[in-house]
Protein chains: 4
Amino acid sequence: MKKFLIQSILTLFIINNWAQSQKIRPREMGIEIGLFQTGKWNAITDVYGVKVGHETVITGNNVRTGVTIILPHGENLFENKVMAAIHVTNGFGKALGFTQVEELGTIETPIGLTNTLNIFNVANSIIDYMIMQNPDIRSVNPVVGETNDSGLNDIQGRHVKKNHVIKAIKNAKTGPVIEGSVGAGTGTRAFGYKGGIGTSSRILPKEAGGFTVGVLVQTNFGGSLMINGAPVGRELKKSPFSSNIPYDQDEGSCMIVIATDAPLSNRNLKRMAKRVDHALGSVGAYSPNGSGDYAIIFSTSKPQSSDKKSFTRKEIKNNSMNGLFMATVEATEEAIINSLFMAETVSSKYGKMEELPIDETMKILKKYRALNWNKKLYPWKK
Amino acid sequence: MKKFLIQSILTLFIINNWAQSQKIRPREMGIEIGLFQTGKWNAITDVYGVKVGHETVITGNNVRTGVTIILPHGENLFENKVMAAIHVTNGFGKALGFTQVEELGTIETPIGLTNTLNIFNVANSIIDYMIMQNPDIRSVNPVVGETNDSGLNDIQGRHVKKNHVIKAIKNAKTGPVIEGSVGAGTGTRAFGYKGGIGTSSRILPKEAGGFTVGVLVQTNFGGSLMINGAPVGRELKKSPFSSNIPYDQDEGSCMIVIATDAPLSNRNLKRMAKRVDHALGSVGAYSPNGSGDYAIIFSTSKPQSSDKKSFTRKEIKNNSMNGLFMATVEATEEAIINSLFMAETVSSKYGKMEELPIDETMKILKKYRALNWNKKLYPWKK
Amino acid sequence: MKKFLIQSILTLFIINNWAQSQKIRPREMGIEIGLFQTGKWNAITDVYGVKVGHETVITGNNVRTGVTIILPHGENLFENKVMAAIHVTNGFGKALGFTQVEELGTIETPIGLTNTLNIFNVANSIIDYMIMQNPDIRSVNPVVGETNDSGLNDIQGRHVKKNHVIKAIKNAKTGPVIEGSVGAGTGTRAFGYKGGIGTSSRILPKEAGGFTVGVLVQTNFGGSLMINGAPVGRELKKSPFSSNIPYDQDEGSCMIVIATDAPLSNRNLKRMAKRVDHALGSVGAYSPNGSGDYAIIFSTSKPQSSDKKSFTRKEIKNNSMNGLFMATVEATEEAIINSLFMAETVSSKYGKMEELPIDETMKILKKYRALNWNKKLYPWKK
Amino acid sequence: MKKFLIQSILTLFIINNWAQSQKIRPREMGIEIGLFQTGKWNAITDVYGVKVGHETVITGNNVRTGVTIILPHGENLFENKVMAAIHVTNGFGKALGFTQVEELGTIETPIGLTNTLNIFNVANSIIDYMIMQNPDIRSVNPVVGETNDSGLNDIQGRHVKKNHVIKAIKNAKTGPVIEGSVGAGTGTRAFGYKGGIGTSSRILPKEAGGFTVGVLVQTNFGGSLMINGAPVGRELKKSPFSSNIPYDQDEGSCMIVIATDAPLSNRNLKRMAKRVDHALGSVGAYSPNGSGDYAIIFSTSKPQSSDKKSFTRKEIKNNSMNGLFMATVEATEEAIINSLFMAETVSSKYGKMEELPIDETMKILKKYRALNWNKKLYPWKK
């Protein structure tokens, strides 16, 4: 009884703390990543039709996990599959559905993110949802990614259940996306601090096609954090291979979901997804052995027409891909930074993962002149 | 009540039929595939230490499915991972665990086979088993393959449960392997007939290293069946693209598990796995769009020594791989043929899939002189 | 002087022998591979616009080699690139241009085939040709394949020169294609006999889209020859791993070029190219270690429109690919058989490679009832 | 005559300029990349046995090119092949030999770097060299990379000839490596400035195995240069997508050769090579469409023993790879920076490519506190 009381109070405290938090997104504090402009919400939902839903699962002193759902569009996905591709940076992970996406070039379900051992429950629940929506379905390919939140969560318990998944799908919405220690990011950590969900977007200039690129990440990986070139990880003494962190102990993973409205072939979607590695490099990651780093990309662009046997599609030419490549790097980089700035400290019986110390970080950014880059260097940009 | 009675009788009838069946393996009837000799059991279990377990799930008039487990060895697999690789012939499938096998080069769990929509239940149950065996586990990569048995089975019901998986693991054994409409092969079909589980093995001659190669397949695919060159599919009027079978309707899948005791690098394991495509070609398959055809390969060979940071391993040279390549082709071909000869007719409320008509098939083989090849052509071979 | 005389006589003798030969194509002798109908020429040139050119280089008693050129169309290829993909069955080869075809999805030059060590000369000569045609070119990606003809040819001499390549390109034509010991097939061998160039085509039925698939092969590989299921290699005592052929000595390669007029994405082109492995299996090949087996595929279909930044293309749906997959298997199989039937004995100071004994082979085919399959089994087919 | 005189004077001027230059390597000016220590020469030649040779080809006002050779060791490479792998970041390039390296896992020739259209001449010349050394060779797989120097060089002329290649091989040596506008880097450009050859190395701490990792790059690519986080490209107004550089015009390529003495499987060599993408990201590259970015990696570690059919090798475990991954990122990053600092202005009839303005760059680095990182932040490091 006493134990239950403590757990309840702890839970209340955490939830309360959640509500109170007044985290400010990095860009509002002058951290401008890249040159392109962001979309309205600076989120994956800036790609028209994309929706995001979170279910955070926190109970007692041991459960700190959840599920995040990305809906490529609001229609029946099995009937209206989206063109898709995947890129594996480092395949130490359990991500599901990849061989079929590679082979057929499409995603046909909501995309799920969760913790490592919960991935099969989530996939099974997505099947439940797909059967509800498509009663005659006999084969369907859930795409689910994961990172390992066992530092804060009872991962063996697989606490994300069918009701959480269905709720996350049903509550998914456009507009602003909650970031930080939420949904699949509830128990993750990155660069020695609390990680979580982050998102960002870019709008290409008209001359480059005017397309939107949106990225959502679940950060749970290591390295020596760089923000706009400032060596934050070094200054905060959180660098792998420095004297105080043992070798071979820099584990984690990063799941990256990319959406775009640009009409792209599977081949160019995959090329675009590969550019997340440049973004990982620019934030100071190096994908250590234990880091299962994956990118899932889809395009919301529809075929111009279709008959029984064929589609007619528009498709961006190879040599017009540069803007989309750069937008992918920028949005991925910013989504990662956002996940760190927005994540709040989480503790459980397994330990405590502190949030990034914002004031100290801002001082470091100032010291290294990493703020207001565009204002200073490209005053002609808004 | 009446319905229950009919279901019970049907179930009894099926089970009874099972027990009665006196199927004879093709080789005993003179169907000699290839030149190499088979192992003692002509089964994947001829590779020392490998075990196979089936759980067949048949209830009422709607459930015709199951799970088949392959244990690379009898020890704790998480502690003693086996070198492994995968090959994707046609990735229209949900097979699990592949990116990690590719990245890390190992399998660390029992390998499961089941039906398409049941794959996540089976993976989750394998996690349960792994946790029982390794209480501190936080991340583990189940490798599970599937084919679609919805022609005979209530696939949406996902009737393979944790108890079936655990039982299949615990009951897995060396020695002869039951083939046909059993375990993961209970509801599958191939070449227009009942498919299922088949297995075969080859022993390389001493001069070629003396290694054993074992293959187990779950057949559920189409094409125009060829047995030792005899056009069985054509003679039986079961050929895709012939006048009586519509285009675009030749679906299915083939899961292929290969075991060897040869000490091989991940690179040469993968090269070996790729040779299943030659076997698929030689039995008249062509991997149509809907066929999720995958090969999973592992070696039971252990490192010669290991310290904290490294292994010392023996590894067959590239130019000594030919025997292993050929053995893979031969054993895969024979395992597929075995699955067809051993499978018995299965029916359910969804339909009935007849077994291969053995007498008629033998007549065709005789007509095309496809029997006793080695006796005739290589009389010096035993 | 005397040596020169002998060489000249030998050369004359060979050329003369060439002209005399009255080889008959297998299909005309009742060897019907598969179910689909062939195109007019039963050649890769049945795909509208495709041209083939050979230059055979035979001099003295040591040079038995050549070059074969496939032109995807008659226009400037650099300006009108064709959609393309590649598939590597076994990458023990020097084939050129593959990473760019994979990345950009196009072929922009004539495709060359030649011998292993001559491949760089041929690529350089294709660059010469491309510069002639496109004086401002600064980067261009020649696609060239090779097999090793050193059993009959002075391969170190690299006797295929610029003039041969340019001549093969300029003389390339539509219509019937010369097969056998010609062009890049002059010095190759397969299944223990003289190999060479072979070609075949298939026309899909109207209901399956009516597309044409053409294949051209350069055969130089081993295995135990199967023709329509008849164990020709075994009967002729030419099987690897049989008692009289040592292990580890079954080298060679197979280059396969596939053309189609079907409008396909790079992804589905690659899937189609992968089906050559099924064809290799059905003729009794197993891609031994030394066999560099590659497929190059292109589509002659043009975009429906294009602007500065994008194309609009028609693209066959995944589930309408089956006919194209099967046509690829059938045409590849027949092209390989054609190369063997059409190749004539070639000898040089390095040895002699006998042609397939046609009469004996036909007897074997008759014995195993491998002739006139369609007439017998599908009398309703023309 | 007059033209000849001008050309001669120009040539003399350039060569003279070369000799005069007193470029200082970045590290000596306080630019410390990463945490690990460099080897003695901070060059790929710190890996025991590795040699580098350059031939610079400058004639008249039009030829500004060359060849760079990396010898994995000083013995006969065909007889003593090295374990190797490749990684393709963006395959818009003509790099040679890759399918065989992937398939067989070895490099068996000197590795060449040159310009795009010269690659086949260089490969052919490497064959000449291999035949000289191994008179019985019938098949050999030259590995050659390239970048496009047509901005400064008569690339169509293919001015690198056999004598240059043989000379570069014969003159290859251990010890310090000349960097900048030399060999294959003579005519390249990067980040809006003169690029070229750069090299760097890292020594892992004893606890992490004490291995050496060396990298050599041929830089010819775009992006917005970052050095230790300082936005040098932005400050110098050399950023793609900023107002003054048009979209779709950020072409080039980067060839990266990595050497290590760590005993690694092909699988872990490939994983290590993939980490160059993180390095590309950290210097501000994003691999635009036209950038053919490739990494070639080899290990000089020898098998512990070998018999006719097998090797016995030591092999680092997966979870001891982190140090090697990080060393690859650091050394690649520094090699790129070195190529820029060491490259001198080159001009020709095609244009002029200015070298990086060192003083200005150093001022930017100071402004952004990018100097002497380790001294400041890790004073306990030497």
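The structure contained in this document is the topic of the report that follows. Being a predicted model, the structure only gives us computed values, none of them experimental.

Examining the overall build of chain A
Counting its regular elements, chain A contains 10 helices and 16 strands. For 382 residues, the compact-globule formula gives about 21 Å, and the C-alpha radius of gyration of chain A, at 20 Å, lands near that figure. If one aligns the C-alpha atoms of chain A with their principal axes, the spans along those axes are about 65 × 55 × 35 Å. The proportion of buried residues among the 382 residues of chain A is 70%. Within chain A, contacts between residues at least 6 apart in sequence are counted, and of these 79% link residues at least 24 apart. Chain A carries 45 positive and 33 negative side-chain charges, and their two centres are separated by 2 Å.

Considering the pattern of salt bridges
Taken as a whole and judged by the stated rule, the model has 57 salt bridges over all chains. Here B:Glu108 and B:Lys81 are joined by a salt bridge, their closest N and O atoms 2.9 Å apart. In this pair, B:Glu108 is assigned in the loop between β4 (106-107) and β5 (111-115) and B:Lys81 in the loop between β2 (63-71) and β3 (82-90), connecting sequence segments 27 residues apart. Bridged by salt links that share partners, the residues A:Arg27, A:Arg202, A:Glu330 and A:Glu334 form one connected network.

Description of the relation of the copies chain A and chain D
Expressed as a screw operation, the relation of chain A to chain D combines 0.0 Å of axial shift with a rotation of 180 degrees, fitting to an RMSD of 0.0 Å. Interpreted geometrically, this transformation is the action of a two-fold axis. Among all residues of chain A, the one whose C-alpha sits closest to the rotation axis is A:Gly229, at a distance of 1.6 Å. Residue by residue, 100% of the interface of chain A is reproduced at the interface of chain D, so both copies engage with the same surface.

Section: helix α3 (residues 119-133) of chain C
Along an α-helix, residues three or four positions apart point the same way, because every turn accommodates 3.6 residues. Helix length check: α3(C), at 15 residues, gives a terminal C-alpha distance of 21 Å against a target of 21 Å (1.5 Å per residue), a fit within 8%. By the criterion of burial, α3(C) is predominantly enclosed, with 13 of the 15 residues buried.

Looking at the relation of the copies chain A and chain B
Expressed as a screw operation, the relation of chain A to chain B combines 0.0 Å of axial shift with a rotation of 180 degrees, fitting to an RMSD of 0.0 Å. Take the interface residues of chain A: 100% of them recur as interface residues in chain B, which is what a same-surface contact looks like.

Overview of the packing of aromatic side chains
All names here are of chain A. One pass over the full model with this rule turns up 8 aromatic pairs over all chains. Ring centres 5.5 Å apart and planes at 75 degrees place the aromatic pair Phe98 and Tyr294 in the edge-to-face group. With a gap of 196 residues between them, Phe98 in helix α2 (residues 98-104) and Tyr294 in strand β12 (residues 291-299) connect regions that are remote in the sequence. Each member of the pair Phe98 and Tyr294 is classed as buried. Over the ring of Tyr193 we find Lys238; its NZ or CZ atom is 5.1 Å from the centre of that ring.

A closer look at the interface of chain A and chain B
Facing 40 residues of chain A, the contacting portion of chain B comprises 40 residues. Buried surface at the junction of chain A and chain B, summed over both partners, amounts to about 3200 Å²; 48% is from carbon and sulfur atoms. Our enumeration of links across chain A and chain B arrives at 2 salt bridges. A salt bridge links A:Arg158 to B:Asp128, with the nearest nitrogen and oxygen atoms 2.4 Å apart. Mapped by element, the contributors of at least two residues to the side of chain A that touches chain B are β3 (82-90), α2 and α3 (119-133) of chain A. Here the side of chain A that touches chain B takes 7 residues from α3(A), the largest share from any one element. Here the side of chain A that touches chain B is built from residues that sort into 16 nonpolar, 16 polar and 8 charged.

Comments concerning unusual backbone geometry
Phi at B:Arg369 takes a positive value of approximately 55 degrees, unusual for a residue other than glycine. Here B:Arg369 is to be found in the loop between α9 (358-367) and α10 (373-377). Judged by its relative accessible area of 38%, B:Arg369 falls in the partly exposed class. Of note in this structure, D:Phe191 is not a glycine but carries a positive phi near 55 degrees. By the element assignment, D:Phe191 lies in the loop between β7 (189-190) and β8 (193-194). With a relative accessible area of 3%, D:Phe191 lands in the buried category.

Here's the deal with the side chain of C:Glu55
Residue and element names in this part refer to chain C. For Glu55, the location among the structural elements is in strand β1 (residues 51-59). One buried charged side chain, Glu55, makes no salt bridge at all; its nearest oppositely charged neighbour is Lys167, positioned 4.0 Å away. The contacts of Glu55, once residues within four sequence positions are left out, are Thr65, Gly66, Val67, His164, Lys167, Ala168, Asn171 and Gly183.

A short note on the interface of chain A and chain D
In this complex, chain A contributes 56 residues to the contact, which on the side of chain D involves 56 residues. Between chain A and chain D, roughly 4900 Å² of surface is buried when both sides are summed, and carbon and sulfur atoms account for 56% of that area. In this structure, the connection of chain A to chain D is made through 0 salt bridges. At the level of elements, β3, α5 (232-235), α6 (266-274), α7 (276-282), α8 (322-342) and α10 (373-377) of chain A are the ones that each hand at least two residues to the side of chain A that touches chain D.

Quick notes on the rules
- Residues numbered from 1 in each chain as written.
- Chains lettered and ligands numbered in written order.
- Predicted model: local features only at pLDDT ≥ 70, side-chain atom pairs only at ≥ 80, totals over all residues.
- Heavy atoms only, no water.
- Helix = DSSP H or I, 4+ residues; strand = E, 2+ residues; numbered from the N terminus.
- Rg over C-alpha atoms; globule rule 2.2 N^0.38 Å.
- Buried < 20%, exposed > 50% of the residue type's maximum accessible area, 1.4 Å probe, protein only.
- Contact = heavy atoms within 4.5 Å.
- Lys, Arg positive; Asp, Glu negative; His and termini not counted.
- Charge placed at Lys NZ, Arg CZ, Asp CG, Glu CD.
- Salt bridge = Lys/Arg side-chain N within 4 Å of Asp/Glu carboxyl O.
- Least-squares fit on C-alpha atoms with pLDDT ≥ 70 in both.
- Expected span 1.5 Å × (residues − 1).
- Phe/Tyr/Trp six-rings, centres within 6.5 Å; stacked < 30°, edge-to-face > 60°.
- Lys NZ or Arg CZ within 6 Å of the ring centre and 35° of its normal.
- Buried area = accessible area lost by both parts, 1.4 Å probe.
- Nonpolar A, V, L, I, M, F, W, Y, C, P; charged D, E, K, R; others polar.

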